Amino acid sequence: MDIRELVLEQLRTVIDPELGINIVDLGLIYDLQINDGNIYILMTLTTPGCPLHDSIVGGVKRALEHIDGIRDVQVQITWNPPWTPERMSEEALRQLGYF
Amino acid sequence: MIPTNTAYETNIRLPLLFIVFGVVAFVAAQAILLAAGPAAASGVFRLPSIWAAAHLAVLGFALMIAMGAMYQLVPVAFLTPIWSEQLGFVQFFITAAGIIAFSMSLAFYAHVALFPGVLLVLGIILFLFQMGMTLRKQAKKNIMTLFVGSALLFLLLTILFGLTLALHFWSGNEAADHLFILKTHILFGMCGWFSLLIMGFSYKMVPMFSLAHGFSMKLARYVYVFYVTGLIVTFISFFQDGRGPFAAGAGLLLTGFALFAYHIWTILQKRVKKKLDRPFQFALLAIGIALILHTAAFLLPLSGNDHGMAIVIYAYVFGWIMFSIIGYLYKIVPFLWWTHRYSKKIGQENVPTLKQMINEKWTIVQCILFTVSLVGVVIALTVSSLPLFYAAQSAMTLFSLFFASTMISVLWK
């Protein structure tokens, strides 16, 4: 499996416990860069000051750190641009009863 | 895209301490109210045991829970950490000791209530200082800051008027303005402190729990202006005997609250999460109850029904303030415990969702029991029926035990 796909698969194990949906399907990942075993992730949360801030950021690091060949994981949170529901996958919208 | 790395989480032991104390005080208050049945059912509310129960419910439960929730929510809503967690723990123990001693003195030694009252006031002032210092650090003030900041100011006024009442008991000299001070104490405590606080935080929690986006916040400033003007006009009306000025104040409060209810409805129309969690629905139901009670508070003085106003005050405390708090506690306690137990396991192993931390079906039963009990007590007080009061208040006491056990059961998840 391609390293990028492997990273995304691991990120899908990190759920937002309030919604029960993983952070990839929620559309929280804005940018993912992988260079020579170093991962940089720029992501957001569904609301500024989300009380699950530390839990989710920590979860992202833990989910990726044990992948073979990964040396360092950097996670940055941004509120700009703010998250919007349009970023969610169809599956996530279905889980929330949107359809 | 601009990266920012900011975390605002509070040590969960701090809010949990306040919440556990609050839940225990709630059960105690219900049991005392049950014992005070004959007096309450006949419309006699100014009794030592009822004062003790009322203060245990309002201070021990509602105030302590509000404080605990603020230690958790202020960093979330205002993006600023608590000024001093250590001070938070000191403030908890002083306030808790003050509430226990003050409630007991109201029941048995009302003439010396001033002394534990001073301890209680010290605890609340430490809390106000803590929140003042925390909000000062907020980089970008918003309408929620205005709601919560004003609520804190009204809390200060409430305790100052309360302390004046305790001073009257101690001196044995009920001054001519005693009733004016009592009315102001109740108005500022219920509408100025609790309502403004719940309304302010609702603007954060309603979009957060419903995943609402793209709504306007413009209406919030009109809500604030009408509601605070209503508080001031109602306060001024206490200087006079006529019913007209009071009705004008109550009318402004009703207008402000009706705008708030409409605003929340418009926010919910923009939600992505179509199926809302049950406990959150209960907190929303409380808004509907408060709207009815604000309407009653506006209409009753026009009909000259003073006994009815006492019942409206009871229903407002339980049906709006406590029901909102109970609804949100079903969300907040699982979140706090989840953070403690599973925050470090996310990304490593399967962790439960917050919904799985609590038996939602059981919360539905509890909230139906609460609503039926509340309606039963209100009817019993209205028709002065002691048997109905005993039945309804027993059901309310049973609810408090179920509620306490549910909160505690989360800690075993």
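Scroll up for the structure.
Residues numbered from 1 in each chain as written. Chains lettered and ligands numbered in written order. Predicted model: local features only at pLDDT ≥ 70, side-chain atom pairs only at ≥ 80, totals over all residues. Heavy atoms only, no water.

1. Quick look at the pairing of strand β3 (residues 29-35) of chain A
Residues and elements named next belong to chain A. Defined as follows: If DSSP finds at least two bridges between two strands, the strands pair. Secondary structure elements are taken from DSSP: a helix is a run of H or I of four residues or more, a strand is a run of E of two residues or more, and numbering for both begins at the N terminus.
Across 6 bridges, the pairing between β3 and strand β4 (residues 38-43) is antiparallel. The residue bridging N35 from the neighbouring strand is N38, located in β4. Hairpin connection from β3 to β4: 2 residues lie between these consecutive antiparallel strands, with D36 at a positive phi of about 50°.

2. Describing the side chain of T47 of chain A
The test is simple: Polar contacts here mean pairs of N or O atoms no more than 3.5 Å apart (in protein, one a potential hydrogen donor and the other a potential acceptor; neighbouring residues in sequence count only if both atoms are side-chain atoms). We call two residues contacting when some pair of their heavy atoms lies within 4.5 Å.
Residue placement: T47 of chain A occurs in the loop between β4 and α2 (53-65). Looking at T47 of chain A, its side chain comes within polar contact range of the side chain of K204 of chain B, at 3.2 Å. Leaving out residues up to four positions away in the same chain, T47 of chain A has contacts with W79 of chain A together with K204 and M208 of chain B.

3. A few points about the environment of F61 of chain B
Residues and elements named next belong to chain B. This is how it is decided: When accessible area is computed with a 1.4 Å probe and restricted to protein chains, residues below 20% of their type maximum are described as buried, those above 50% as exposed, and intermediate ones as partly exposed.
Note on placement: F61 falls in helix α3 (residues 48-78). Looking at F61, the relative accessible area reads 0%, which means it is buried. Separated by 34 residues in the primary sequence, F61 and V27 place their C-alpha atoms 9.1 Å from one another.

4. Notes on the interface of chain A and chain B
The line we're drawing: For this document, the term salt bridge refers to a Lys or Arg side-chain nitrogen within 4 Å of an Asp or Glu carboxyl oxygen. All residues other than Ala, Val, Leu, Ile, Met, Phe, Trp, Tyr, Cys, Pro, Asp, Glu, Lys and Arg, Gly among them, are scored as polar; the first ten of these are nonpolar and the last four charged.
Chain A puts 36 residues into the contact, and the matching count from chain B is 36 residues. Inspection of the chain A/chain B interface yields 2 salt bridges. Between K273 of chain B and E18 of chain A there is a salt bridge whose closest N-O contact spans 3.5 Å. Between the two partners, chain A and chain B, sit 10 residue pairs in polar contact (both at pLDDT 80 or more). Of the residues assigned to the side of chain A that touches chain B, the class counts are 21 nonpolar, 12 polar and 3 charged.

These figures capture arrangement, not role.
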